[in-house]
Amino acid sequence: MPTIKFDDFLKEQLKDPKFKARFEKETANLESAIVIAKAREAAGLTQRDLAKKSGVPQSTIARIEQGANTSISTLCKIAFALDKQVKISLV
């Protein structure tokens, strides 16, 4: 059985429009998760601290940091509490 590199496998899978759309959506969710978690940690806040400061439930912050989708409104509340801005780019 021949082996295949993951990058080659992914390149092939991305040719499928449905797979590509889902992959891009999940990638965006994970990028948001990483940015929020890093900003929260850099501010020295726990999820509970950020929840109190932003008015967003701690459970929602936990879900976002795990890669769950969220609204722009929620992201803005979190960003404001962290003294950050939300920037949206359509590239």
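What counts, and at which threshold
- Residues numbered from 1 in each chain as written.
- Predicted model: local features only at pLDDT ≥ 70, side-chain atom pairs only at ≥ 80, totals over all residues.
- Heavy atoms only, no water.
- Helix = DSSP H or I, 4+ residues; strand = E, 2+ residues; numbered from the N terminus.
- Patch = residues over 30% accessible without salt bridge, like charges linked within 9 Å, V, L, I, M, F, W, Y side chains within 5 Å.
- Areas by Shrake-Rupley, 256 points an atom, 1.4 Å probe, with all protein chains shown as cover.
- Salt bridge = Lys/Arg side-chain N within 4 Å of Asp/Glu carboxyl O.
- Buried < 20%, exposed > 50% of the residue type's maximum accessible area, 1.4 Å probe, protein only.
- Core = buried A, V, L, I, M, F, W, Y, C linked by side-chain atoms within 4.5 Å.
- Contact = heavy atoms within 4.5 Å.

Caption draft 1: Molecular detail of the environment of Ile34. Summarising the element assignment, Ile34 is placed in helix α2 (residues 17-42). With 12 residues separating them in the primary sequence, Ile34 and Arg22 have C-alpha atoms 18 Å apart.

Caption draft 2: Layout of a nonpolar patch on the surface. Together, Ile72, Val86, Ile88 and Leu90 line one region of the surface with nonpolar side chains, adding up to about 440 Å² of accessible area. Mapped onto the elements of the fold, Ile88 is located in the segment after α5 (72-81). By relative accessible area, Ile88 is classed as exposed at 60%.

Caption draft 3: Layout of the pattern of salt bridges. Here the structure, examined in full by the defined rule, presents four salt bridges. Taking the shortest distance from any N to any O, the salt bridge between Lys15 and Glu12 comes out at 3.1 Å. Residue classification places Lys15 among the exposed positions, given a relative accessible area of 60%. Salt bridges here are not isolated pairs; linked through shared partners, they connect Arg40, Glu41 and Glu65.

Caption draft 4: Just the nonpolar core, in detail. Ranked by size, the top nonpolar core spans 12 residues in total: Ile36, Ala39, Leu45, Leu50, Ala51, Val56, Ile61, Ile64, Leu75, Ile78, Ala81 and Leu82. Elements supplying a minimum of two residues to this core: α2, α3 (47-54), α4 (58-65) and α5. At three residues, α5 tops the list of elements feeding residues into this core. Once residues within four sequence positions are removed from consideration, Leu45 is found in contact with Arg40, Leu50, Lys53 and Leu82.

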